[in-house]
Structure formats: structure tokens, C-alpha cells
Amino acid sequence: MDYSLVVAIELLREVAGLILIATGLAIVFGMMRVINIAHGEFIMLGGYTVVLTTKQGVNIWIAILILAPLIVGIFGVIVERLIIRHLYGRIIDSLLATWGLSLFLIGFVTVVFGNTVEGVTTPFSAIAIGGYTVSIYTLFLIFAAMAVIASVYLTLRHTKAGLIARATMQNPDMVETLGINSKLVYMATFGIGAAFAGLAGGLLAPISGVVPSMGALLIGKAFITVVTGGTAVVAGTLSASSILGSISQSVTFIFGPVFGDATLLFVALILLRLLPQGITGRIFTRSV
Amino acid sequence: MTRNISRRSMLKGTAAVGAASALPMLPFSAEAAGEIIVGGLHDLSGFIDFAGIPMNQIMLMAIEEINASGGLLGKKVKGVVYDPQSNMSMYSQFATQLALKDKASVVMGGITSASRETIRPILHRFKTLYFYNTLYEGGVCDRNEITLGTTPAQTVEELVPYTMGMWGKKVYTIAADYNYGQITAAWVKRYVEQNGGEVVATDFFPLDVTNFGPTISKIQSAKPDMVMSVLVGGAHLGFYNQWAAAGMKKEIPIASTTFGAGGAEIEIIKPEVANGIVTSYGYYPSIDSPANNAWVAKVKKRYPEKTPFLTELSAFTWDGMMIWADAVRTAGSMDRMKLIEVMESGKTYNLPSGQCSIDPKTHHAIRDVYIADLQDKTFIIKKKFSQVQPADTQSVCDLVKNPNSNKHYEISLK
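Residues numbered from 1 in each chain as written. Chains lettered and ligands numbered in written order. Predicted model: local features only at pLDDT ≥ 70, side-chain atom pairs only at ≥ 80, totals over all residues.

Another point: the overall build of chain A. A tally of regular secondary structure across chain A gives 12 helices and two strands. When its helices and strands are written in sequence order, chain A yields α-α-α-α-β-β-α-α-α-α-α-α-α-α. Computed over its C-alpha atoms, the radius of gyration of chain A comes to 19 Å, within 12% of the 19 Å expected for a compact globule of 288 residues. Every one of the 288 residues in chain A was classed for burial, and the buried ones make up 53%. Long-range contacts, defined as pairs at least 24 residues apart, comprise 76% of the intrachain contacts of chain A with a sequence gap of at least 6. (Helix = DSSP H or I, 4+ residues; strand = E, 2+ residues; numbered from the N terminus. Rg over C-alpha atoms; globule rule 2.2 N^0.38 Å. Buried ≥ 20, exposed ≤ 12 C-beta atoms within 10 Å, placed from the backbone. Contact = placed C-beta atoms within 7 Å.)

All names here are of chain B. As far as domains go, chain B holds domain 1 (24–150 + 286–368 + 387–408) and domain 2 (153–281). Computed from C-alpha atoms alone, the centre-to-centre distance between domain 1 and domain 2 is 29 Å. The partner domain 2 presents 12 residues to the 17 residues of domain 1 that form the contact. Listing elements by their share of the side of domain 1 that touches domain 2, those giving two or more residues are helix H3 (49–68), helix H13 (312–331) and helix H15 (391–394). With three residues, H3 is the largest single contributor of residues to the side of domain 1 that touches domain 2. (Domains from an automatic or database assignment.)

With 215 residues, the main nonpolar core has Ile19(A), Leu20(A), Val72(A), Ala145(A), Ala200(A), Ala95(B) and Val107(B) as its most contacted residues. With 17 residues, helix H1 (residues 2–32) of chain A is the single largest residue contributor to this core. No fewer than three residues from each of domain 1 (24–150 + 286–368 + 387–408) and domain 2 (153–281) of chain B sit in this core. When sequence neighbours within four positions are dropped, the list of residues in contact with Ala95(B) reads Leu41(B), Val107(B), Ile119(B), Ile122(B) and Leu123(B). (Core = buried A, V, L, I, M, F, W, Y, C linked by C-beta atoms within 7 Å.)

Taken together, the contacts link 33 residues of chain A with 34 residues of chain B. Broken down by element, the residue count for the side of chain A that touches chain B peaks at five residues, all from H1(A). Here the side of chain A that touches chain B is built from residues that sort into 15 nonpolar, 15 polar and three charged. (Nonpolar A, V, L, I, M, F, W, Y, C, P; charged D, E, K, R; others polar.)

Residues and elements named next belong to chain A. Put simply, helix H10 (residues 233–255) and helix H11 (residues 257–274) touch, their axes get as near as 7 Å, and they point 150° apart. Between H10 and H11, the crossing angle belongs to the class labelled roughly antiparallel. The handedness of the crossing between H10 and H11 comes out as right-handed. Residues Ile243, Leu244, Ile247, Ser248, Gln249, Val251, Thr252 and Phe255 of H10 lie in contact with H11, whose contacting residues are Pro257, Phe259, Gly260, Asp261, Thr263, Leu264, Val267 and Ala268. Taken together, the residues that form the contact of H10 with H11 break down as 10 nonpolar, five polar and one charged. (Axes fitted to C-alpha atoms, helices over the stretch in contact; angles between N-to-C directions. Parallel < 35°, antiparallel > 145°, perpendicular 65-115°, else oblique. Left-handed = near helix turned anticlockwise from the far one by under 90°.)

Moving on to the confidence of the model for chain A. Overall, the predicted model of chain A reaches an average pLDDT of 90, with 99% of residues at or above 70. By mean pLDDT, strand S1 (residues 126–129) of chain A is the weakest element of chain A at 80, and helix H3 (residues 60–82) of chain A is the strongest at 95. (pLDDT = per-residue confidence, 0-100.)

Bringing the pairing of strand S7 (residues 170–176) of chain B into the picture now. Residue and element names in this part refer to chain B. Along S7, six of the seven residues are buried, which leaves the element largely enclosed by surrounding structure. Regarding topology, helix H7 (residues 179–194) serves as the crossover connection from S7 to the parallel strand S8 (residues 198–205), and that connection is right-handed. By the bridge criterion, five bridges tie S7 to strand S9 (residues 226–230) in an arrangement that is parallel. Within S9, the residue paired with isoleucine 174 across the bridge is serine 229. (Right-handed = clockwise from strand over helix to strand, strands pointing away. Pairing = 2+ DSSP bridges.)

A few words on the environment of Gly262(B). Counting through the fold element by element, Gly262(B) comes out in the loop between strand S10 (254–256) and helix H10 (265–268). For Gly262(B), a count of 25 C-beta atoms within 10 Å corresponds to the buried category.

Turning our eyes to something else, we now look at the environment of Pro161(B). Relative to the elements of secondary structure, Pro161(B) occurs in helix H6 (residues 152–167). Accessibility expressed as a C-beta count within 10 Å gives 16 for Pro161(B), which makes it partly exposed.

It is worth spelling out the sheet that holds strand S1 (residues 36–41) of chain B at this point. Pairing between sheet strands relies on hydrogen bonds along the backbone, with the strands arranged either parallel or antiparallel. Residue and element names in this part refer to chain B. Taken in spatial order, the five strands of this open sheet run S2-S1-S3-S4-S6, and their pairing is parallel. In the strand order of this sheet, the two ends are held by strand S2 (77–82) and strand S6 (145–147), each with one partner. With direction set aside, neighbouring strand axes in the sheet form an average angle of 20°. Strand direction decides the pairing type here: S1 and S2, joined by six bridges, are parallel. The partner of valine 38 across the bridge, within S2, is glycine 79. Of the strands in this sheet, S1, S2 and strand S3 (106–109) touch helix H4 (residues 88–100), which is tilted by about 175° from S1.

Following this line, the structure appears as C-alpha cells:
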């Protein structure tokens, strides 16, 4: 009984991890149709923000929950102004440009901070579940993922800003005629997507450490989750993360991490064969 | 002021800087100057630069010391350093260059087993003496190579009974999923069983795995008396943080064949997480001997800033330089075979790491091995084992019988 509860928490943790790394990408790719290959490096920058600011004595919660998303969000806005805005509607070009950006960021961070792993101590202690113990930070990650997905849902569904964003993505010309600057909406949306990447990096830094090349390990999983989920940001990320995360983590428990990762890819392959438009291309089609 | 910098002058300036910074890489024709060339091939950038940079610093320091005491055979020693960037094709290119173009008398370097197996056959073919100074899985059988790093039979053989005696007989092994991890995990199993214990499970992890949650739960349900960590590299360091965050530090102790081997781990992982991990290596900076205390002081004096991590890797690079210099002085010649014969003669060297001699059968070091407990970034030495034999390599290799051997044996324990 205790063991199954521990396993269940670990499954949720993996699902939460996928939600965190995929949400920012889902906003940028799902809404704006921009393939941001540098998304993994945005996550990396979030991680470095936390490591460097906590070294300067900043409270770790301020670093993770405020500074990481804020700084990476501002960086995202700058990137949008300098690079991305010239490439709307040109998927292949945006892919190449952001790939270049990704290589630049890896090289830049390596030169400045060195190609070594940096870490911060995981906050919180552990709680006992029967004969087992679980890190409270694991529970916090699950909670954070739920908060992220809920905030995106509430913003898109129930605020004016969300309505404007959705309208702009559907028909920017119509939005312009209603007196709204669609360029600003694009810029803000990209910045928010980047901010979520920064938050994910900040949240992951205490458990996995940060290294300039960490983005490459995450971008694959993030993309598979977003593509499997389809265009709806909330329903897509949530459904794809749940399916892929829980299946791959179950396999990890039984056969080890190599098979877990392989299963994630295999399940994504089957899902995309059956649902080429992603899960939300066929099911939950009316959701956000 | 800034307005005076035109695009053209800027370009010229940066080009000059580029050319200047490329200069040290250009090996000058050494023969004419009558210098003795020592080649250095360590990863100065890339994912194990934290290990390669200290090894290179120590190699250069050894060259300075040899020159300060008058050089060798009346000639100056000169280091030619390349950065193979953890890239195997650059390793083979630079090894060939050192042997043929620079005419190096000896090459120090190679860190991963992959890089060693890239350059070892090249240096063997071109008859250029080679020192490999890194701990590894054992099994190299090549008369042209002097192997100074410890092998599992030297460290695991001592670490397993020592920690089992303290903690108990049920061992859970977690290991990196490549040849070093697989072979070392097999040695752990053998020594645990020889000492009347049981390995309850062995889990392998690819080098990029960062999430150890499922494993930690499995370890909790297996309830071993200790965990043996053979994890490798930056991503795997996440295990120690997650282990402590799950509150397991007080429950189950950890022994490791790898933690702190490169030196960077004890800086990255905070003491509250890393304290109490027990390791076994052939060198610790805390070895309390006159030779080591003097050496540590010398390193700190030479490198007051960016002091290199003092580990097996850097200390054995020093050992390698000293053993080589001694062989040149004793032989009174730069002839490769004469140097090899001196080193094979069973001389005992007194080095910072302790006493060491070269086993003529395997060309591996017979050396002192230590067990230490990590407390607040310092390894506190608990026990010393004198003159431990590289029994694993000895089981497959006999260079006295087969002097032409040129092979890396995968030592199978199954």
C-alpha cells in the first residue's frame, strides 16, 4: 500500500516534470506556430538564474518563483524583438534561427560560467509514508505543475488578455481592426512562454543541477509532449504529459530508466500514428 | 573615444588577437633547439574539462620543476599541449601530430577509456612512450603504456570489506551504464560475495539520467545496509541531492568508487549532502606524509589562484612525470626501450601519493591505496593499504611473456 502510494507520487512527479518543461513551448508553438528550438536553453537560463542569484544570497524561493521567470521572460521579449518577429509564418526559418540561438546560448554560457555542473541544495526535508520517505520538494513540483496549468487555463479562458491572445492567434487582422496592436500581443505571448521555461529551469535546478548543455536533454521530451498533445495549450499539454509521463515512469520502475525513455518515444510514435494532429486534434477539440 | 574604433580597425584588432592566441598552439621545431618534448593530451574544454585542466596544470608544473633542477641530460624539457576537446578524432589527430611532427619523447594524457583506446594504438605504432594517469576499469596490456591510475581490483577490493564491516552485508549497487560502470559493478558483486554479503540489486543509468526518484523508492523497498555508487558525470550528481532530499542520508550510508574522483564533486554538492560518503582512491590531498605536505604546499604556491583540484588524476600526472624523469636520468638516454627497462626493473618511487612501483607484467602501478570519509569538503583518511597489486589486469596480461601485446582486455567476471 505504502509502496503503491510512493510509486503514484513518482508517476505524478514525472507528469509534473513534463508539464513544466512543455508548457512554455506549448504556448509558443501551439499558439504562435513558432518552433523554438532554443526552448531548452531558456530552461537552462532559468536554472542558472537560480544558481547564481542564490549564490549571491538571494532567498531560494524568490530566485525560483520570481527571478527565474522574470529574467528569462525579459530575455524572451528581447529575442522576440530581435529575431522571432521577422520570422512569423516561416516555420522552417524560425526553426533554423532558434537553433542558431540555442547553439549560441550553450556556447556563451559555457564560456562565461564554464562547462561544469552547478547546483543548489534542494529545499525542504522529507516526509515518511509508511516505511518510505518522499522529498517534500517532489510534492512541491507536482503542486507547481498544477498551478502552472491552472493559471494558463484561467488566463486564456476567463480574462480579457487571454481572449485577446486567442483572438490574435486566430485572426490578427480582425484584432487590429478592433484597435489592438497584434505585434504587442505576439511579443507578450512569446515572453510569457519564455517565462514559463525560466520557471521550469528554476524549479528543476535544485534536483538535477544545471549545466550549459542541459537544454538538449529536455527539448526532445518537451517537443514530443507538445506535438503529441496537439494545438490546445492546456488540454494538449495536460493529456500528453499524463499519458507519456505515467507510462514511461511505470516502465522505469519495472525495467529501469533506459526502457522508460524508450517507451516514452514508442508511445508518442503510436499516438502520432493514430492521431497525426495530436491528441487535441481529434479529442477535446473545443478546449483551450 | 569609442567613435574612433572603425569597423576596419576593429576587425584588424580582433584578427591580431586571434592570431596571438593561436600561437601557443603552434609547436616550434624542437629538434633544432635540442629540447626534450613532453606531449600533453588532456581535455581542456568539454564535459570533463574539470578533470583535464588540473592534470595539465600539474604536468606543466612538473616540467618547470625538472627544468629548474637543470633539465634532463643537459637539455631543457618543453611541454607541447593540445586540447582534444573531448573529441575522439581530435585525440587521434593530435596523438599522431605529437608522435610524428613534434617528435615527443613521451605523451601524458587521455582521460576517458575511449580517448585512451584512441591514442594508445597510435602511440604504440609510432613507438612513442605513453603514460595514462587516470583511474579506469583495468585490462590494458601494452608495453608502451605506463598505467598509473587505480583499477577496481585495487580500490573496490579494499572498499567493499571495509564498508561492509561498518554497515552490513546487503549492498545495493547503482552504476553508470557504460564499460567502466558495468565492469566496476561486476567487481563490486564479486567482492561483496567473497566477503559473505549479497548484492540485492544493481541498477544501471545512462550518463544523461537526472531523475533518480524511482530508484530511490526501489532502494527504500529493498532496505539494503549500504548503497555502492558507481555513478559518473555531472547529470548523475542529481542522485546525491535527491537522496538527501528524500531524507535517506540518515537511513542508508553510501560508499562510492567515483564520488570526488575528479575533485569538482565536493565543490558542487554541498557538505550537508555529501558528508559521510566513503571512497577509496590512490591519492587524497589529506595524506599526511612529508612528501605530500611539501607537494601540496608547492602546488598552492605555484597556482595561488585557480588552484587545481588535487585528486588521483592530477597527483598521478605528477607521479608520471617524476617516474619518467627518473628513468631518463637513470638510463642516461632518451631511448624508449632503455626507459621502459628502467621502469620495469621494480624500482620503488617515493611520491606524494605514497610508495609506488611499476609491475613488469602489466605496466600498472603497484601502489598504496587509501579509504577516506568525506566531511565538510575534506577527505579524512581512515585506512591505508600498502602496495596493492592490480590483480584484475594481472589476471589477463603478462608482458614478460608477451612483450608485443597491444590490447585492452575486457575483463569478464561472468
